[in-house]
Every structure is written in structure tokens, then in C-alpha cells.
Amino acid sequence: MAFTLRSVKVPPNSASLEEARHRVFDFFRAACRSLPTVMEIYNLHDVATVSQLRSTVASEIRKNSHVTNPKVIDMLLFKAMEELGNIAEHAKQRHHIIGQYVVGRQGLVQDVGTKDQGISNFLKNFYNTNY
Amino acid sequence: MGLGMLASRVMRPTASKLPRNLLSHFHIRPIVSTPESSAAQAQPEPEPTPPPRAPVAGARVHFKNPDDAIEVFVDGYPVKIPKGMTVLQACEVAGVDIPRFCYHSRLSIAGNCRMCLVEVEKSPKPVASCAMPALPGMKIKTDTPVAKKAREGVMEFLLMNHPLDCPICDQGGECDLQDQSMAFGSDRGRFTEMKRSVVDKNLGPLVKTVMTRCIQCTRCVRFATEVAGVQDLGMLGRGSGEEIGTYVEKLMTSELSGNVIDICPVGALTSKPFAFKARNWELKGTETIDVTDAVGSNIRIDSRGPEVLRILPRLNEDINEEWISDKTRFFYDGLKRQRLNDPMIRGADGRFKAVSWRDALAVVAEVAHQTKPEEIVGIAGQLSDAESMMALKDFLNKMGSNNVWCEGNGVNTDADLRSGYLMNSGIAGLEKADVFLLVGTQPRVEAAMVNARIQKTVRATQAKVGYIGPAADFNYDHQHLGIGPQTLIEIAEGRHPFCSALLNAKNPAIIVGAGLFERKDKDAIFSAVETISKYAKVVRPDWNGFNVLLLNAAQAAALDLGLVPESGKSIESAKFVYLMGADDVNMEKVPVDAFVVYQGHHGDRGVYRANVILPAAAFSEKEGTYENTEGCVQQTLPAVPTVGDARDDWKIIRALSEVAGVRLPYDSLGAIRSRIKTVAPNLVHMDEREPATFSASLKPDFSHKMSLTAFGSTIENFYMTDSITRASKIMAQCSALLLKK
């Protein structure tokens, strides 16, 4: 993936949290703009919609909402740009996108519904693993 | 080391200004010190005499009589030892480890390897320290040129005919010859001729022989004769034609034969199932205990990744000394076969379908709730740990049923007095006995390590052994008194010739087999045994010779926890049967319309009848408490991860209780152990033997008619007694080849 690395320039550090926040929004916009292309090149029309992918991107960003250090935000942004670049340049394959952004981290079995309401932590952990 | 090294680094720049000797001092002992104390250290100290070394492997000296102490000098240090110790033992007490091949502390002395040569002052030649008794004032030198030269010479002779095949030898890495030739051998040999070769012997499916590697230390011969009690192995030929063998083509049929693998100092006898599987330095050792019988032998499970590769004994003087039975050593391949790895429900077509834990537990809870409380039955298997049995009992009690027991314990076993179901003398205590009366028990197949103790006692003190039961195989002298209760009644009434032996004995021991628990007239048999023990003075304040030899690892803990069924007939009327690893229950008694849940780790007999399977962890994968037949509580530790989607036994019951709406109040092992503490406090004192407090004399008198049917033999096949051993291929080979037909 040398061609992506050549094109990626490390921007100067954000001076303040405010600036970093702006950059995150810029990144989110860039990601949203590239989504139609992504749908096209990975042929995702039958498994996802643009709005689903958009909320996946938003939730990936919100996962790091607790980070307040501008340097760390810059680092995360850099990784996100790299990932976006890889996706947009078709450096991935269809199942990568489906596995990571359509199906999600929980895997195919997603029966977390009303069933798990009101059970103890022990039982939740028991269903997951022996340890 | 962290702090000290840091301190020495901090000091280094200034160290160049310090005097020379101080500099070296700092390098040897980097300690953080205040300026005052370092100034004190700067004073040149007189060279102190190094303190005497600690004894090898914590060897302890026990003086029976203070007058027997003699003093010898080992490398200039005086040591006090009791009379009769050998020079080698004196050196061990002094902290000097003498190299040896033939000497083994639990076997007789052969003195034929000559590796333990040391110099003794005023003796013209170096002496073999293992065979030489230490005499008062003896000056032993272990580090002189003469001793070193002698060892080098012996090594050269031993290596003369030993093949240089360490890279393909299974002993490599844990080989005494390899280690000692590195430490004491010469860097070259003068031998140029051909090495001798010896034909390999076939000793059966367990012990692999490469007889060319043998150095004729005769440890295996002595082990077979003295500990295993079989005269299978011997020495053939003379001089360079000497070899170990069975003389005629014959397999080694002892139940302890695997131990020759451990005592062989070279790679001549190695484990056949473990051959070429792994190197010992790749393995992770987990110190745990064995569950295949009620002895609870201490073992080490050697594993690599998720696989158990071998099982070795661990030293425990009170239980298994340093031996284990072949079943314990070689059943581990059963842990890989026939495993249950997913919860399963039997469909309408009679086939099992894998489901999620959620669905399986929901189905079980649903059915349990539709059943009347008195029709719910729970049976713990012979490999269950105390924690899961506690959880099972609590769960069933919360469901309103008290029909819970452990298989092998019979229906109305008396769990009130611990002395009524434990080995009260203790396994090590059996060595004090001088007359044994075995009632309906064949210790050789029921508990090989207990049998080894009896054999040791018989060999050492010529103790008499009387046996009542079907014809059985013994490896020591015994009198077969009879086959059934008739003989027992004769002894109880004092009409039998063996009574005089019992009466004249100082420490008589009666061992009753737990197989009798299953008999209907067990109370009558036990009261007869108590009559005998009363008139033969078997139970005294200083000696308790009334013993019950249990069969399974779970039995003692189950009785301690009070897993006793409410009614004897409960299984015939059951509608919901919860089998927690119970495979030896007579499934024909269970009604056809009963719902059977099998929780366990192996697809064994219980599974054939089960409606739902809940996969559980085997003993090698969980932490669990087990009590052995003498009341010693020990625990297993997880050596390998669980298989598939299996869960620990107690966790399954805890989860099921929550799904069923009767949630048990413990979430962790610690919590369940504190629950156990309120029921049976002895079960939380790990590695401690808790003897029974009250003896059986408190029991009310009981007169019942004894049926005269002869005692049966409890274990048909020594090698296959539980679900793991039945799944093991090695055990199947053993039972095909080694069982006497």
C-alpha cells in the first residue's frame, strides 16, 4: 500500500481541542462523501444502505468520545484517514467491509434482544464464555 | 533483583573513585544502603567460613534415639546423622549431591553403577558411597581429584556402550546420564571399537524399551520386585552380555509398571504413548491430583497448548509416595476422545441437535418446573468435584426435591459418622498395621496405591493378610479365608482360625470395600465388621484400624456434603433425572417417559439415554475440590482450556438455577466454597487430612439378616472404570493385552 502512504501527509498537530474537534467533523464529512463510491465498488447495495454505513462510521467515532487529548485525537484521525483511504482505493475486499462495518464486531449471531433483560451478570458471562 | 541492580547502576559512576576491593564488593552484592552502613561495609572483613550448605532436596534427619547420633565430616564440615545411614545419605544431609545411577532412596541398594564413588580418609580406594555405612568420625571428601577422576572413569565406561542417540531419545532433556556426563564426564573417550547392541524387549503397550541404552543400573528390576511385587524383570547374562529382560517373552503385567519409566535414569525404558510426542522443556506442568480412583494421587499434568501430553507423579509421602498407577499415568488420551462440546437436545427423530446454551437451559428449566418435586432426581457422577455436588444438592433442594446422591454410594449409606466411610488409619498409617483383614475388597484393582502400601508393609514386616471375597489377584502373601458373609460371621463369632491372628495383632487393620455399599444387607455386614473390630480392639485411642476403601474420587466428598437420597426407590418413579457425569447408574430402572439431562464431559453410557446434553469440563480443565478415601482434601487445577462450548460443572448448575427461577446465591468459586464451609468445613482445608472425630462405636446396634450371597468383585476391568478411561485408546489396549483372563 505504498501508493496510499505516499499520498498521505501527516498534518501538523492540532493546537487545541477545538481544532481537533473540527478535524473530526471534516473527516466525518469526507467519509460520508465517499460512501456512495464505497457502495458502488464493493457492491454493497444488497446488504447495506448508505445511512446504515454512515451511522456505523458515526458510532466508530463515538467509541472514542472519551478521548480529550488533542494528540491522541490526531493519532486516531490519522488511522481513520488511512483506513478510509484504503477503502476508497479498493485496497480491501468485499468481505472485509461486510465483516467490519456491516455485520459488526458481535459477529453473525446477534440475538441480544429482550431475552437478556433482567438476568445476572453471571448468566450473561456464562452464555459468552467459561472464563 | 530490580532494586539492587538499579542501585548498582546508580553507584557505578562514583565507584571508580572508591578503593579497588570495595568496587568488587559492590559488584557482588549490590544493595541499597545508607551512607553510614556502606561506610561500615568498607571496613575490610575477615574471610568468613562459608556456612554449611542446606541439605539436598530438604533432606531431613530423624533421630529415633539421641544416642544413635554419630558425627561424620563431609568436605570438612561436621554433620550429625543417625547410625546406619550410608555415606551417600550423610552427604545429602550435608548438602552435597553425589551423582548416582543405581541408588534410589525407595529401593534396595545395589551398588553396581559405581558413579557415587567418594574418597574416604584412610581408605586405600575410593568407596561406593551408596553401599558404605557411615562410621563415626569418618572423613568424607567428595570434591577431591581422586573422586573426580573416579567419576570421570565411570562415566567413560558407561558411555562406552551407550549409543549417542540423544537427539532421537525421549529421555533427552531429563536424562540423568546426559546431565551427569555434562557435569562429571570427560570431554573425550578412548573407545574406538564397535558399541554393543541389545535386542529390545516387548514389555507391553505402556513401556517402550530401547535396551541398547540400558546401563544395567537394575533400578527397574528392584522396583518390579520390591514395590510392584511382581517378579517379571531380571538380569540375564554376565559381563558385557548382561541385559535386563523377562527371560521368556512376557509382558509386564503390573498395575504399577509405568513407574519404571520414571526411575530409569537413561532412555532405556520410556513411555510408549508419549514416544516422539514432545520434549520435556516444551511442556507446561500443572500440579494437580488424579481422579480415577479414591486415592487422589498427586500428579503433574504436562500439557502443550490445549493438549494433555503426559501425566507424571508428584511426591506425597502420605498418599502415593512417588508412584502412580498405570491407569492414572496413561488414561490421559481419553481426554481427547468422545468429548461433548456443544449443548444438545434430542429431537423427535432420536438424534441430537446442537443448540445454544440459552435454549438448552430454557428447555431443562421448563421441564423441571413441570415435574412434581418428588419426581426429580439428581445423581452425581464418580468424577464430580465437591463444588458441583454442593450446587447440585442446593439446586435440587430449591426445586423441592432431596433425591440426590453420588453413584457408588448406594441408596441408604450412613453419612452421619465420617468414620463409617473413611480410611481411618490413613494410607500411610497402614504401614503400622501387622494384620490386615480385607472384606469384599480387591485393593489391587480398586486402589493400586493403597495396595502398594499394603505390599510394602507385608514385605517389610511380614504382616498377615486375610481376604474375604471372590478369588482375586494379589501380589503379596495372603490367606483366602472365604468368599462371602459366611466367613465374616464365623470371624465375628470367633470360630475362625484367623481370629487368633487378629487377637494377637498389635495394630490390626480391617479394610472394607465400598462395593458393599450397594448390597441390601450392608448394615448387617458393617455391624458384623464392628463386632470384629470390638473384640479384636481395632479401634483404640492410639490406633484406628477400621477402614473403608472407597472406589471413586467423588464418594467421600459426596457423603461429607450429605448427598444421600430421601428414598431408596426414587429412581424408579423419577420423571426428571439430572445426571451430573453419572454413567454407572442402571439406566434400565429409569422410566421410559422420564426426562434425562446429562451434564458431563464424555459421551458415555449416560448419554445414550439422555434427552439433553450439557457439556462440562473434565478434571484437567477446572478447579475442583476432591476428598480422597482417607479424608484428605485436595484440589485439581486447570491445565488445559475447556473443549468447545463446555462450562465448569458448578457454573452450569448455577446458570440453570437462575433460568429456572431458583437462583443459587453464589457466583464464584470462593462463594461456593464458603457455602461448602457451612456444610462440611473440612472440605475447605486444602491438602489437609481431617480424621473422623467420632468412631463407629457411637452407632446404635443393628441386627438385620445378612444374606449369604458371596461378595462380588467390584471392578471388572482395572483399566476402564469411568467415562474418561473408557474413552481412552491406551486403556483399551491395556485391557486387551494385560488383563488376566
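Each chain carries its own residue numbering, running from 1 in the written order of its sequence. Labels follow written order: the first chain is A, the first ligand is 1, and so on. Since the coordinates come from a predicted model, pLDDT governs what is reported: local features require at least 70, and pairs of side-chain atoms require 80 or more to be given and counted, while whole-chain, interface and lining totals use all residues. With hydrogens and water set aside, each side-chain value is computed from the structure's full complement of heavy atoms.

Participant: Let's hear about the sheet that holds strand β24 (residues 576-580) of chain B: which residues, and what values?
Facilitator: Residues and elements named next belong to chain B. Strands are treated as partners if at least two bridges between them are detected by DSSP. Helix and strand assignments follow DSSP, with helices taken as H or I runs no shorter than four residues and strands as E runs no shorter than two, numbered in order from the N terminus. Spatial strand order, β14-β13-β26-β25-β24-β15-β16: 7 strands in an open sheet with mixed pairing. In this open sheet, the two strands that pair with only one neighbour each are β14 (352-354) and β16 (404-406). The sheet shows a mean angle of 15 degrees between the axes of neighbouring strands, direction not considered. Contacts between helix α11 (residues 386-398) and the sheet are confined to β15 (376-380), β16 and β24, with β15 contributing the most and set at about 175 degrees to the helix. We call two residues in contact when some of their heavy atoms are within 4.5 Å. Helix axes are fitted only over the stretch in contact, all axes being lines through C-alpha atoms; the angle between N-to-C directions runs from 0 to 180 degrees. Contacts between helix α19 (residues 649-659) and the sheet are confined to β24, β25 (595-600) and β26 (612-615), with β24 contributing the most and set at about 150 degrees to the helix.

Participant: Lay out empty space enclosed by the protein with the relevant residues and their values.
Facilitator: Residues and elements named next belong to chain B. Every definition here rests on a 1 Å grid over the protein atoms only: cavities are sets of points where a 1.4 Å probe fits but cannot get out, pockets are open sets enclosed by protein on both sides within 12 Å along at least five of seven lines, and lining residues have some atom within 4 Å of a point. Grid points are joined across faces, edges and corners, and a volume is the space filled by probe spheres set on the points. Scanning the model with the defined rule gives 5 cavities of 30 Å³ or more in all. Every residue lining the largest cavity is counted, 17 residues in all, and those nearest its centre are Leu383, Ser384, Gly581, His601 and Asp649. Elements supplying a minimum of two residues to the lining of the largest cavity: β25 and α21 (723-726). Of the residues in the lining of the largest cavity, the class split is 8 nonpolar, 7 polar and 2 charged. Estimates place the volume of the second largest cavity at around 80 Å³. Contributing to the lining of the second largest cavity are 14 residues, with Cys214, Cys217, Cys220, Cys264 and Ala268 lying nearest its centre. Classification used: nonpolar for Ala, Val, Leu, Ile, Met, Phe, Trp, Tyr, Cys and Pro, charged for Asp, Glu, Lys and Arg, polar for all others including Gly. Taken together, the residues that form the lining of the second largest cavity break down as 11 nonpolar, 2 polar and 1 charged.

Participant: So, the interface of chain B and chain A: which residues are in play, and what are the values?
Facilitator: In this complex, chain B contributes 18 residues to the contact, which on the side of chain A involves 13 residues. Taken over both partners, the interface formed by chain B and chain A buries close to 1400 Å², and the fraction arising from carbon and sulfur atoms is 54%. Salt bridges are defined by distance alone: a side-chain nitrogen of Lys or Arg within 4 Å of a carboxyl oxygen of Asp or Glu. Here chain B is connected to chain A by 0 salt bridges. Any pair of nitrogen or oxygen atoms within 3.5 Å is treated as a polar contact; in protein, a donor-acceptor pairing is required on top of that, and neighbouring residues in sequence qualify only through side-chain atoms on both sides. At the boundary of chain B and chain A, one finds 6 residue pairs in polar contact (both at pLDDT 80 or more). Elements supplying a minimum of two residues to the side of chain B that touches chain A: α10 (357-370) and α19 of chain B. When residues of the side of chain B that touches chain A are assigned to their parent elements, the largest contribution, 7 residues, is made by α19 of chain B. Tallied by class, residues from the side of chain B that touches chain A come to 9 nonpolar, 1 polar and 8 charged. Buried area is understood as the total, over both parts, of accessible area removed when two parts are fitted together, assessed with a 1.4 Å probe.

Participant: Residue-level account of the sheet that holds strand β18 (residues 464-468) of chain B, with values.
Facilitator: Residue and element names in this part refer to chain B. Spatially, β19-β18-β17-β20-β23 is the arrangement adopted by the 5 strands of the open sheet, whose pairing is parallel. For this open sheet the edge positions go to β19 (479-482) and β23 (546-549), each flanked by a neighbour on one side alone. In this sheet, neighbouring strand axes are inclined to one another by 25 degrees on average, regardless of whether the strands run parallel or antiparallel. With 4 bridges joining them, strand β20 (residues 508-513) and β23 adopt parallel strand pairing. Opposite valine 512, over in β23, you have valine 548 as the bridge partner. Lying over the sheet, helix α16 (residues 522-535) contacts β17 (435-439), β20 and β23, oriented at roughly 175 degrees with respect to β20.

Participant: Can you tell me about the environment of leucine 251 of chain B, naming the residues and giving the values?
Facilitator: Residues and elements named next belong to chain B. For leucine 251, the location among the structural elements is in the loop between β8 (243-245) and α8 (259-263). Taking C-alpha positions, leucine 251 is 5.0 Å from glycine 204, a pair spaced 47 residues apart along the chain. Once you skip the residues sitting within four places of it in the chain, leucine 251 turns out to touch Asn202, Leu203, Gly204, Asp232, Leu737 and Leu738.

Geometric descriptors of this kind do not, in isolation, establish any biological role.
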